[in-house]
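# Analysis of the macromolecular model
The residues making up each chain are set out below.
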Amino acid sequence: MATETGIDTAPAHARDVPVKAPPARPVPARQPNGRTSPVPHRDFVEKVAGTLPYADDWSFAGILHGVVVRARVPCARIASIDVSEARAVPGVRAVLTAADIPHNAISEEASGLGIEQTVQPVLAGARIRYDGEPVACIAAENMVAAVEAAGLVDVEYEDDEGVFTIDEALAEGAPSVHPGGNAYVTYNSSIGDVDAAMERADHIIEETYQTPRVDHAYLEPESGVGWVDSDGVLTLRVSTQVIEHARALAEILELPHSRVRVIAAYMGGGFGGKEDMTVEPYLAALVWKTRRPVRMVWERQDSLLARQKRHPFRMRYRTGVTNDGTIVAQDIKILGDAGAYPLLSSRVLFAGGVNATGPYKCLDARMQSTAVFTNTVPTSAFRGFGAMQVVFGYESQMDLIAERLGLTREEVRERNFAQQGDIRVTGEPIETECGTRECMHRALQELGELSEPTRGGRVGRGFACSMQPYGRSMFFADRASAWIGLEQDGTMVIRAGVTDLGAGQAASLANIAGEILGVTVDRTSVHIGDSHLTPLTGGTFATRQLYMSGNATVKVATALRDKLAPVASDLIGCEESELEWANNLVGMVGDRARAVTLSELSRTAESRDVMPYCHETFTAQAGEFDPKSGQGQTYPDYTHGCHAADVEVDERTGEVKILKYVAVHDVGRAIDLQRVEGQIQGAAAQGIGYAMSEEMETEGGVLHSTLFANYLIPTSLDLPDLNAIGLELYLGKGPFGARGIGEPPIGPCGPALASAIHNAIGIRMLRLPMTPERVLAAMRAGRDNSVPGPREHDA
Amino acid sequence: MTATRGHFISVTINGRPTDIGVRPNLSLLEMLRDDAGCPEVKLGCGEGVCGTCTVLLDGEPVNACLVFAVQTNGCEITTVRGLAGDGELHDLQNAFLDHAGSQCGFCTPGMLLVTKWYLDRHPEADREELRHAIAGNLCRCTGYTKILDALEAYRDLRLEDGHGD
Amino acid sequence: MYAAAFDYVRASSWAEAVEQLQQLGDEAHVIAGGQSLVPMMMLHYAAPSALIDIGGADERTIEVDDGTLVLSALVRHVDLEHSAVVAEHVPMLSQAVRHIGNVRVRQRGTIGGSLAHGEPAAELPCVLIAHGASVHTLGPDGERTIAVNDLPIMQLVTSLREGELITRVEVPTLTEGQGCWFIEMARRPGDFAMVNVAAIVTCDESDTCTAVRLVLGAVGNRPVDVSQSAQALVGHVIDEESSEAVAAAIAAEAEVTPSSHAGIEYRREMAGVQVARALRGASADAQRRRGGVEVRV
């Protein structure tokens, strides 16, 4: 089987996989630098120039400075709060506590499945449930006064009994973080008859894996400014992934939805950490109270202390296999530490659970995933969103199977790769073709010969595959809208409520619309992220923007083209089907001389009452899911990939040096190959940090890593060159057949590196991050003992 | 809080002489952002770890968060907007654009200033030396690979143009 | 991120700085590069009432005089990093200084500041103690000379008296037959060290060790001169076996304080691993300096 990836080694049973020839597509030839456009989008020019105004780069005359006052106990009852001294500090304009917030509740029914809400106060008034929980917020004429007042807020606490780990939380008689017990939500799904299948299995491989609580650590802290505009609308310009929070803010302040507007500035990174609200409710309350513009920036140390993290998972996998390596049964139990408030935990554990079997076929499978409340910092969205934690589980299992059966790691995967049409644990088929196999072959081929040691350590090679979803769960019936107009001079305006995390979300809309209407990026103006002035698209999360807004842009650009086509064909004197839209001209295919400018087209259309603009809404494929049976439709589609690495392990210190790293994903169609590579590299770097060094350790609910100096994200010296390859194998459901790439490349890093470490020293690491200390301890013990074994509530 | 004596300092910011009144506990970072109209200098961590707030002080890179403004009296300060003329981009900035060395862009000003300074002193630096040079500038978006690509391209361009002496 | 309020004055000489310190009282503090002090002020771990900027108190001179490297206390890390004189005469300083923080921290930070700060994980005190360096100070009671080994007491506490400033550092240079090696082990490049080792080994022409100086830092609450424990190597060739034996004994006896970067037993073990590697490195360096053998550790 020879394909464009040059694979000719696929085993016999893999040969019947159809490889579809890529269809012709309306995407132009790439520039030498890999860009589709000869000019970079404006935001990137402004970023290198230093002129892009981020959320904290705006100001107003007389702006007040806002701070949040946080409790520094993990679990307590509030006996009293005295803010009289704080209010007396000269320059202080407002000191707000729970009593000052009209509707003191952040509530979101995050599951989408009707699971009961647990309310999170904006400001804690009765109980403190985690270290760093906000108790007051302050606005003052200057930062010195604000900080001084913050120090004078006097809160009297009474000790309260808390639970700080999953085991403590689930223990018999444990104190409840919220009424209703600490097991916040549990999902169960199963197909076939797992117990009978386990009986049939020749081997049962059972292991428990643990992943860490980590921080997004984007470089731009949470920040923004707020003001009341001339129409009396409370307006926030903040670093956020979701402008639709305007509604929640209105409800907190008991205002009509139409009176609160959120503008999303270009973000200095988000990664899911700006998906829940950060500064917004505090800023909004202070602006509304003072009727003055207010600015708020969270210090890095506060961000590390109290802004939501990634869920630590404990995953128990039991996998039944036959002697030839075929998986016949999967039984998976996942516990995720939700911290003190739900935020998006129900969705994260859902994503973890339904994706826990990975890119492998198994007709007798069962999963259970539970979000557990503890008195620790809340956990919520983070790139990979549950579906990345489980990659460590299912890929480590594949390696263990290979080891047990004496097969190669490739062979075991080859035997089990799922294909289009295969049924998942939720009873639904995979709708598009799966490129995992090709990605695996390409990744291993790309590494070449095994690396030589650089400092006398032992070298090993590992890899891991993954299949991670893009787009929201289908039961959300996701929608995105966009507006496009041609100005009289032929320049194009795009309006879409997209927020831009820095990955070029705005730029890709310009590329997509430009492709269809023939407008170059330099003549395109994209207006994004304004809850009052741009059609809403839903937030930038779940790797959904390219899929959703991209498709909305395709739809609206096509509608506008169709609307203007009769005018153009009349002007040019040709059939509509003969029109060619390119380089800011509309012409006739094959006759370049017969062309009109978009300016002429736009003016003519308007004079004939054909208005040169359109608004359209794209509705994602919807589906139903029954939380009781655990059956139904989950995600619209998946992105497949494989990462492979060579590592060198220092057997005296346990230090692991990554010598080579390659990350391959099937991206369907790359809208901008260079940006796709950038996404893959960035996600891989973040995944490597997760695998090797990052962890927010807590003890008794207190976080140890609240300085950037001891929360260890990778530097340039911790990473090798990251070889990112975006293959265009099988069409996905995004525009032009693109598959989402924002999140999927973060999944395989941990298991790929664990596999390489095992290959080097014969020890299987079961817990991330694989710090030198843990690696050395595991070498000593002959196995990784850092993961607690299965507990009663696991069984 | 005790009242302390304010100071007047004279600094040159991107070639523009500026007199400015500062309280002693005002960091250079705050002064540049809030009082001197330089929001291009970014706050990342405030601990001197991330390099996001890097500016050149008399031509040398410093953490603007770990210098008090009052200490910079008489100094020349260069921010990323001082790299090229108004409305122009420096070749290094163009290299970052061509190679997608910037994603969210937040680390970019600091990254550009450190690498400009470094390559001025080590015009023939190889990829590994460049990797060391940016080790104190954290980037969470790129994995550094495309930044290094941009730096190598800029280095080669300069060497071709004969600036590599 | 907002330091508490303070008064700011500049000193144009060491004498003026000492005088200002007396006038401004107990809570006043001098500032040189500020790369240790300012983060502590920003995070509210320190709140001096006044800062006396000694940046203009002296030149940043680096000189060699009769077997001694003489450094102004205001010499910055970056000066050490790029000085050919330092690289030739006290090469371990050039080696160690590259591990300090990042390029910006090295740009501002000074050798005097590092010594006066008393951070147990600091690189330079290890090297200086291994070399038998001393500092000159000026205080209300006049000048004194203190061996660098007598400076650190415990974390952030030194033997400097109230109002006393380090003005100069004197380092005996590397001599004929000596080799040196510095190792820092950190979780991440540029971060606080988990283990620092500075070793100076003297070898005769048959590669037999005739003297050894060894300092272990970042493990306990101050850098420790463990040369005595390494004397067993004298009269022997430093090889895998001999270095590991000495290192194991040193590690076993080392006082290890808790750290957020790794557990006590791991750091103890790493002290042993790195001591052995540094000893072998220094021995190989001695051979290389004599005969041009490439150093491999």
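Our structure's up above, just so we're on the same page.
Residues numbered from 1 in each chain as written. Chains lettered and ligands numbered in written order. Predicted model: local features only at pLDDT ≥ 70, side-chain atom pairs only at ≥ 80, totals over all residues.

This paragraph deals with the pairing of strand E2 (residues 76-82) of chain A. Residue and element names in this part refer to chain A. Note: E2 against strand E4 (residues 127-128), 2 bridges, orientation antiparallel. Looking at E4, one finds that Ala76 is bridged to Ile128. Two strands pair when backbone bridges link them, and E2 and strand E6 (residues 154-159) are joined in this way by 6 bridges, in the antiparallel orientation. Following the sheet pairing, Ser80 is matched in E6 by Glu156. (Pairing = 2+ DSSP bridges. Helix = DSSP H or I, 4+ residues; strand = E, 2+ residues; numbered from the N terminus.)

Here we come to the pairing of strand E13 (residues 209-217) of chain C. Residues and elements named next belong to chain C. The element E13 is extensively covered by neighbouring structure, given that 7 of its 9 residues are classed as buried. Here strand E12 (residues 193-203) pairs with E13 via 8 bridges, running antiparallel. Across the sheet, residue Ala198 finds its bridge partner in E13, namely Val215. Linking E12 back to E13 in an antiparallel pair, the connection comprises 5 residues, with Asp207 at a positive phi of about 65°. Relative to strand E14 (residues 224-225), E13 runs antiparallel, the two sharing 2 bridges. Bridged to Val215 within E14 is Asp225. Following E13, the chain reverses through 6 residues before pairing antiparallel with E14; Ala218 in that reversal takes a positive phi of roughly 75°. (Buried ≥ 20, exposed ≤ 12 C-beta atoms within 10 Å, placed from the backbone.)

What follows concerns the interface of chain B and chain C. Tallying the contact residues gives 24 residues for chain B and 24 residues for chain C. Residues belonging to the side of chain B that touches chain C are distributed by class as follows: 10 nonpolar, 11 polar and 3 charged. (Contact = placed C-beta atoms within 7 Å. Nonpolar A, V, L, I, M, F, W, Y, C, P; charged D, E, K, R; others polar.)

Once that is clear, we can look at the interface of chain B and chain A. Between chain B and chain A, the residue contacts involve 41 residues of the former and 45 residues of the latter. If you list the elements that add at least two residues to the side of chain B that touches chain A, you get helix H2 (91-98), helix H3 (108-121), helix H4 (127-133) and helix H5 (145-160) of chain B. Examining the composition of the side of chain B that touches chain A, we find that 4 residues originate from one element, H2(B), more than from any other. Residues belonging to the side of chain B that touches chain A are distributed by class as follows: 21 nonpolar, 13 polar and 7 charged.

Honestly, it's all geometry; don't read function into it.
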